[in-house]
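# Coordinate analysis (summary)
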Amino acid sequence: MKWYAPLISVLLLLPLAPLTAEDKTLYIISPADGETVNNPVTVKFGLKGMGVAPAGIDFPNTGHHHLLIDVETLPPLDMPVPTDERHLHFGGGQTEVTLEMEPGEHTLQLLLGDKMHIPHAEPMISEKITIRVE
């Protein structure tokens, strides 16, 4: 086998055209929408079509996760995501978190932020899910 055969294989896997909004998805892997869970609650984040990079890192087509808990209205999409108990930042590039949550019904949603915690010009927002904590 020639030395460049693996390189050609990798290059063939790269997209020939830029990714469109339909090719990019931000989602919650678990828990599932409607699931009843116990403490501690582990939330796993999923991202397709983009990469995860820590806050402050300026690399194209990447961002970091923000978990919105029981947030009725999205924060302004042209400003940094707020930092409080309902807007959790994962600026280290984390892709999951384990939380102690009050018993009852809660909503969870992800919002991807750029190096400065600002949603991208084409915002990446997951579907909002509802879970019940016993």
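Summarised in this report is the structure supplied together with it. (Residues numbered from 1 in each chain as written. Predicted model: local features only at pLDDT ≥ 70, side-chain atom pairs only at ≥ 80, totals over all residues. Heavy atoms only, no water.)

## Some points on the pairing of strand β3 (residues 41–48)
By the bridge criterion, 5 bridges tie strand β1 (residues 25–30) to β3 in an arrangement that is antiparallel. When the sheet's bridge partners are listed, L26 is paired in β3 with L47. In the sheet, β3 pairs with strand β7 (residues 96–99) via 4 bridges, with the strands oriented antiparallel. Considered in β7, the bridge of V41 is made with L99. (Pairing = 2+ DSSP bridges. Helix = DSSP H or I, 4+ residues; strand = E, 2+ residues; numbered from the N terminus.)

## Remarks on the pairing of strand β9 (residues 129–133)
Residues I129, I131 and V133 line the buried face of β9, whereas the alternating positions T130 and R132 sit on a face that is not buried. Two elements, strand β2 (residues 36–37) and β9, share 2 bridges in a ladder whose sense is parallel. Within β9, the residue paired with V37 across the bridge is V133. (Buried < 20%, exposed > 50% of the residue type's maximum accessible area, 1.4 Å probe, protein only.)

## A short note on the pattern of salt bridges
With the rule as written, the count across this model stands at 1 salt bridge. D58 serves as the salt-bridge partner of K115, at 3.6 Å between the closest nitrogen and oxygen. One end of the pair, K115, is in the loop between β8 (104–113) and β9; the other, D58, is in the loop between β4 (51–52) and β5 (62–69), and 57 residues separate them in sequence. Taking relative accessible area as the criterion, K115 reaches 34% and is therefore assigned partly exposed. The exposure class of D58 is exposed, given its relative accessible area of 62%. (Salt bridge = Lys/Arg side-chain N within 4 Å of Asp/Glu carboxyl O.)

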